[in-house]
Amino acid sequence: MNPVLSVSGIERSFGMDVALRGVDLDVAQGEILAIMGPSGSGKSTLLHILAGVLTPDAGTATYRDPATSETAELSALGEAARAKLRLSEFGFIFQFGQLLPDLSAVDNVSLPLLLAGQPRKVALRQARRWLERLGLDAHAQKLPSELSGGQAQRVAIARALVTAPKVIFADEPTGALDSLSAEQVMLTLTELSRASGTTVVLVTHDARTAAYADREIVVRDGKLSGLAR
Ligand SMILES: Nc1ncnc2c1ncn2[C@@H]1O[C@H](COP(=O)(O)OP(=O)(O)OP(=O)(O)O)[C@@H](O)[C@H]1O
């Protein structure tokens, strides 16, 4: 395997609450990995450690840039360095899209490019291109409240992909959707990721959502407990 993300011996607690107790995991370049498991088992904590949002109490989390093969030990970096790396290398999709409510769809999608220092005109052009690609061009000027749940989630996918990230992290990306919208969102996410060779790590409760992944793993009581299929 050619891992883009590796964690080894990860332990993480919140006060007395032990979320992860000794997790080892490699995620291959281009792989779509689903993390499943019961509520409170440690799935989101694992996703956040893989993404450098949280640091572990023990163990290491490493990111290897697939273009340069340079590695960064996320668990050893400070918050500012991890934030910079997240912005340049990773994209994020959350359960409720988390679009900014006062910005139109196209402004939401252009935001990561503006944060990365792109001129507004370039950022907007790129954002429109992504919305077109997702069949959302007619909705570009709408506010998130004027979109359906599935449309809003596809805008969130465009926002995650607009910076051409190496890895996309998705936490319950279909959790708030009906089954038809969930299927459309997963089809969009997996087709676009495969086309660009982007690695995807997603947390889900839903077996139908996990079925779009190349591999499913299960977290139970803070440990990996074997394959789901
Ligand atoms: N920020 C936090 N502060 C305190 N405790 C936390 C925090 N984040 C997670 N925990 C605790 O760590 C454990 C694992 O939580 P985590 O969110 O990783 O589980 P999960 O499998 O993603 O759950 P769910 O499916 O319900 O989202 C839980 O006992 C939870 O209460």
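What counts and what doesn't
Residues numbered from 1 in each chain as written. Predicted model: local features only at pLDDT ≥ 70, side-chain atom pairs only at ≥ 80, totals over all residues. Helix = DSSP H or I, 4+ residues; strand = E, 2+ residues; numbered from the N terminus. Rg over C-alpha atoms; globule rule 2.2 N^0.38 Å. Buried ≥ 20, exposed ≤ 12 C-beta atoms within 10 Å, placed from the backbone. Contact = placed C-beta atoms within 7 Å. Near = placed C-beta within 6 Å. Core = buried A, V, L, I, M, F, W, Y, C linked by C-beta atoms within 7 Å.

Enquirer: Any details on the overall build of the protein? Residues and values, ideally.
Expert: When helices and strands are counted, the protein shows 7 helices and 10 strands. By the compact-globule yardstick of 17 Å for 229 residues, the protein fits well, its C-alpha radius of gyration being 17 Å. Each principal axis of the C-alpha distribution contributes one length, and for the protein these read about 50 × 35 × 35 Å. Residue burial in the protein is summarised as follows: out of 229 residues, 42% are buried. Of the contacts formed within the protein by residues at least 6 apart in sequence, a portion of 70% connects residues at least 24 apart.

Enquirer: Can you break down the site of the ligand residue by residue, with the values?
Expert: The immediate surroundings of the ligand are formed by Phe 14, Asp 17, Ala 19, Gly 37, Ser 39, Gly 40, Ser 41, Gly 42, Lys 43, Ser 44 and Thr 45. Contributions of two or more residues to the shell around the ligand are made by β2 (17-28) and α1 (43-50). With 3 residues, α1 is the single largest residue contributor to the shell around the ligand.

Enquirer: Residues and numbers for the environment of Glu 146, please.
Expert: The residue Glu 146 is located in the loop between α4 (120-133) and α5 (149-161) in this model. Separated by 45 residues in sequence, Glu 146 and Pro 101 have C-alpha atoms that sit 9.9 Å apart.

Enquirer: Can you tell me about the nonpolar core, naming the residues and giving the values?
Expert: One finds Leu 33, Ile 35, Leu 50, Val 109, Phe 169 and Val 201 to be the most contacted residues of the largest nonpolar core, which totals 62 residues. A per-element tally of this core places α5 first, with 7 residues. Not counting chain neighbours up to four residues away, the residues in contact with Leu 50 comprise Leu 5, Val 7, Ala 61 and Val 201.

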